[in-house]
Amino acid sequence: MSIEEENLPVRVSERLKELSDTKRSEMSLYLWQEGAIQAWSGNGVARDPISDKPLDGDKEFFGIVSAVTGSGKTYVASECAWVWLQKNPTGRVTVLVPSRALQNKWRKDMAGAFPHMRIGMMGGGRRDFRQISIVTMNTAAKGLPETDGEHLIIVDECHNIGSEFRQYAIRNNSHTAVLGLSATPAREDSGLTVVSHLCGPVVYQYKYDQALNDDVIIPFRVRAVAVPLTHMERSEYEEITNQIRKISFILRKRYGAGTNWFALKQDPSDPDTALTTFKDLCMKRKRLVNECHLRFECVDDILRLHENSKTMIFHERIKQIEWMHDKYRGLCPETIPNCEDTWEEVALTPPDCSEWLGMNPELYHGDMTKGENDRAFEAFAEGDASILLSCKALREGVDVPSCDLGIMVSGTNSARARVQTLGRCLRRGEGKTGAIVYLLYVPNTTDAKGLANLKYGGKLPDGTIEWWRYTPNKGLVKYGEEEQPEIPKRKPKAEKKKHICDSCHKVFHTESASLSENHHCYPRLTKTGRKPIDLWGDMIGRK
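These figures come from a predicted structure and were not determined experimentally. (Residues numbered from 1 in each chain as written. Predicted model: local features only at pLDDT ≥ 70, side-chain atom pairs only at ≥ 80, totals over all residues. Heavy atoms only, no water.)

A.B. asks: Tell me about unusual backbone geometry, and name the residues and values.
C.D. replies: Even without being a glycine, Ala347 presents a positive backbone phi close to 60°. Tracing the backbone shows Ala347 in the loop between helix 11 (318–328) and strand 11 (362–364). For Ala347, a relative accessible area of 70% corresponds to the exposed category. Phi at Asn360 takes a positive value of approximately 50°, unusual for a residue other than glycine. Locating Asn360 in the fold gives a position in the loop between helix 11 and strand 11. (Helix = DSSP H or I, 4+ residues; strand = E, 2+ residues; numbered from the N terminus. Buried < 20%, exposed > 50% of the residue type's maximum accessible area, 1.4 Å probe, protein only.)

This is the structure we're talking about:
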């Protein structure tokens, strides 16, 4: 739903002016943030014209605010919590976050918004549950203590709450209000069905073109760079693709053409060999494309083109991130980018890495300790390092205002993941006037789907994407306007309404199938199928 701008109050929130922000003398809400708060809190609820009652699925203090990354969703959540607490002064506010990095960020923000309250933390070894608490989703899925009465759950990056296990962070805990926050609330597996069932409908949406027009985010460009495979890599790719086609014919006969074969669960005692082989070959082909040799040469050219930029580099695999980390420290890696073959084995000359001395790159990924990641992030934020290399750990929610250059060396084809990665570079910073994000892809492969998904599913404004190509001889070259490459066209699909069983929470395509008497229904309360143990109740002696 939308709210007419002329109907919004001119005043801004006094509460958020109390946030401790040394870079801005005055803290106020943007007009879109005021509209989002009103829509969620009930002032903008769609009502029946006769009975003046809220329409089904649209009620007070219940719904999702979908806004582009960097537009200030955290401020919206702080103000929503304050508005809700005015009506429910003894109620609890629980903020669910997908990672510990976001947990620390939220604690700092909420402490600034509520300076006279102590903020609780649960997850990662911490068990301090208070009136306002920041809790990781996995911890909340096992059950929260003392959630009787009025309870507001704020779900940051709420697309994560739709997973098979994390959804019980809401289902297993009583609540009276929910606020979902995400730039991309729809999931690839279930769309908005499960997320909306848990968090409510999307009550306010704020898109890229609106944010740019309002000067909320900085202007940005996405440079899609076509990187070719070598002759040997192309031959191997075609060979793997032919094997996949043959096995796909068998699987279509066995499971049907419209079945998601990756989602099928096998009986461990009697696995389907064809299905296992199909998955292994798809992973092998994806790995071949992600690790193609010329991707990493292209990154070198991009860094030479932007010598004085603060750069974040993303790759899907930790081995390749560590390989690039050694290279940009000035140390020549012992292997080629696939981290398996040496330079001598493939008859290639090792590169001269001395030109990268002094760049002081930092690593940030899930296999490092929290202390190591914090030190790396702090060094990059304070300017001691000019490059920060990361996998998925920095994809969501982390603020890096000084970053003005992003390089997606490889990544999933998911539009959601691409948009979240793009958002790391769009936040405003001191002296920052724009951002450039490079997206490297291999044309005529499955890799091109990621670009198509970002263009159509990410809903980027027209004219945002520039088309470039890389060749070993010519380096980075921009396409002429008349020779822009074609990417796979994708027609927007109308989302079909799905139905969820109230007992086992399975998703069905028809209402009749969702009835418990029409399917094998059994309550599934945790990932293991067992009812969660009330650990917190046992600790405090609750019966």
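Alright, that's what it looks like, and here's the rest.
A.B. asks: Quick rundown of the sheet that holds strand 8 (residues 202–206)? Include the residues and the values.
C.D. replies: Taken in spatial order, the eight strands make up an open sheet running 4-3-5-2-6-7-1-8, and their pairing is mixed. Two strands bound the open sheet, and with one partner strand each, they are strand 4 (126–128) and strand 8. Along the sheet, successive strands turn relative to each other by an average axial angle of 20°, direction set aside. Strand direction decides the pairing type here: strand 6 (residues 151–156) and strand 7 (residues 177–182), joined by five bridges, are parallel. By the bridge assignment, Ile154 is partnered in strand 7 with Leu179. Packed on one face of the sheet, helix 1 (residues 31–41) meets strand 1 (62–67), strand 6, strand 7 and strand 8 and runs near 170° to strand 8. (Pairing = 2+ DSSP bridges. Axes fitted to C-alpha atoms, helices over the stretch in contact; angles between N-to-C directions. Contact = heavy atoms within 4.5 Å.)

A.B. asks: Which residues make up the pattern of salt bridges, and what values go with them?
C.D. replies: Tallied over the full model, the rule gives 15 salt bridges. Between Arg130 and Asp128 there is a salt bridge whose closest N-O contact spans 3.0 Å. Arg130 gets classed as partly exposed once you look at its relative accessible area, which sits at 29%. Taken together, the salt bridges that share partners define one network made up of Arg118, Asp128 and Arg130. (Salt bridge = Lys/Arg side-chain N within 4 Å of Asp/Glu carboxyl O.)

A.B. asks: An account of the sheet that holds strand 12 (residues 387–390) is requested, with residue identities and associated values reported.
C.D. replies: Within the open sheet, the eight strands sit side by side as 11-12-10-13-14-9-15-16. Their pairing is mixed. A single partner strand is all that each edge strand has here, and the edge strands are strand 11 and strand 16 (475–478). Between one strand and the next, the sheet's axes are offset by a mean angle of 25°, whatever the strand orientation. The pairing of strand 10 (residues 311–314) with strand 12 spans four bridges and is classified as parallel. Residue Phe314 lies in a different strand from strand 12, and its bridge partner there is Ser390.

A.B. asks: Break down empty space enclosed by the protein for me, citing the residues and quoting the values.
C.D. replies: With the rule as written, the count across this model stands at two cavities of 30 Å³ or more. Of the pockets and cavities examined, the second largest cavity occupies roughly 30 Å³. Looking at the second largest cavity, the residues that line it are Leu303, His306, Glu307, Ser309, Thr311, Met359 and Ile387. Classifying every residue of the lining of the second largest cavity by side-chain character gives three nonpolar, three polar and one charged. (1 Å grid on protein atoms, 1.4 Å probe; cavity = no way out; pocket = protein on both sides within 12 Å on 5 of 7 lines; lining within 4 Å. Points joined across faces, edges and corners; volume = space filled by probe spheres on them. Nonpolar A, V, L, I, M, F, W, Y, C, P; charged D, E, K, R; others polar.)

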